[in-house]
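Summary of structural features
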Amino acid sequence: MAGMGALGGTLLALGLLLVGFAAVVPNAAYSRILVSDTKDLSWGPTLFRSLLAVHGLLLAVFALWRRKLPVRTVGESNEVAEGRTITRGTYLLLAGFSAVALILRIWDLNSDLWIDEVFTLLDFVRQPAGVILTSFPSQNQHMLFSLLAHLSTGVFGESAWAIRLPSVIFGIGSIWAFFFLARYLFGNREALLGCALMTVSYHHIWYSQNARGYMGLLLFTLLATWCWLEAIDKNTKIWWFGYVISVVSGMWIHPTMAFVVAGHAFVYVIFLIYPRLAGGQLDSPSPERNAGLKPFVAWA
């Protein structure tokens, strides 16, 4: 209960802080922050302030509601475990989502390339594999994607759909990765609902048809976060190895994967110093402390 109280107090303070910012900081200040010049954003700052206040109130209400939650009993813990059990029906639903996702993402996949995709084709995909793996002349080089697109065009011939095919595969894979991460955090029902939304999400479909590495970045971000949570919880070599592979693959796709790792490290340090924020008890070591040096080895 002490851990839940500390977390609830933190959320309540954060929510009230957001509401305070929304009430005190004027529109002109948001305009200067968001556009860095004297341009008028018209109704934009007002909308931003309103949403800031709404999110602050939601956080505050959630914090107060969370404090009233009863302590879980052994029976309730078993119910949570049952909610995370993967059945044959769950796999069939995921397979159905994958089939729908594939249809939506191959629709009009052979349309004309746009400018960044053209640069990717000319500067990287057409290069020999050795050149792709040993050159980084610009941030337009999404190395792992460039290599996979090179292999795809080598097998299927050079066409827009063949160049975009790795993104389609990454997109479908990210639905499964999201399921396992959300299942760990919330349970099967919430995870499947989230997968259903991802399947038909406009932005998810658009990036899955984009000959760039961003959908791969999403896939490996989800996998790395899932493996990180499982590794901290179970502290077994297989999960730490999965985390390392996910991070390395993400870095191969796009160097901004480093920010994901930084996020993991930040939360790890906070929970290591203040274990009660993670729901830990004073009379038992937290999972972060049980992990020892393994997180640092994995990052290295």
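Each value, and the rule that gives it
- Each residue is numbered by its place in its chain's sequence as written, counting from 1.
- Restriction of local features to residues with pLDDT of at least 70 applies here, the model being predicted, together with a cutoff of 80 or more for giving and counting side-chain atom pairs; totals for whole chains, interfaces and linings are based on all residues.
- The side-chain figures draw on all heavy atoms in the structure; neither hydrogens nor water molecules are used.
- Aromatic pairs are defined between Phe, Tyr and Trp rings, using the six-membered ring for Trp, whenever the two ring centres lie within 6.5 Å; interplanar angles under 30 degrees are classed as stacked, those over 60 as edge-to-face, and all others as tilted.
- The numbering of helices and of strands both runs from the N terminus, where a helix is a DSSP run of H or I of at least 4 residues and a strand a run of E of at least 2.
- Burial status follows relative accessibility: with a 1.4 Å probe on protein chains alone, a residue under 20% of its type maximum counts as buried, one over 50% as exposed, and anything between as partly exposed.

This part covers the packing of aromatic side chains. Two aromatic rings are characterised by how far apart their centres lie and by the angle between their planes. One pass over the full model with this rule turns up 17 aromatic pairs. Taking 5.1 Å as the distance between ring centres and 75° as the angle between the ring planes, the aromatic pair formed by W226 and W239 counts as edge-to-face. Residue W226 is found in helix α12 (residues 214–234), and its partner W239 is found in helix α13 (residues 237–253); the two are separated by 13 residues along the sequence. Note on accessibility: W226 and W239 belong to one class, buried. With a centroid separation of 6.0 Å and an interplanar angle of 80°, the aromatic rings of W228 and Y268 are classed as edge-to-face. Residue W228 is located in helix α12, and its partner Y268 is located in helix α14 (residues 257–273); the two are separated by 40 residues in the primary sequence. Comparing W228 with Y268, the two get one shared label, buried.

Right, let's talk about the environment of I270 for a bit. Position of I270 relative to the elements: it lies in helix α14. Relative accessible area serves as the criterion here: at 27%, I270 is assigned to the partly exposed category. In this structure the C-alpha to C-alpha distance between I270 and E288, which are 18 residues apart in sequence, comes to 9.7 Å.

Let's shift gears to the environment of L17. Inspection of the secondary structure assignment puts L17 in helix α1 (residues 2–24). For the pair L17 and G56, spaced 39 residues apart in sequence, the C-alpha to C-alpha distance is 7.2 Å.

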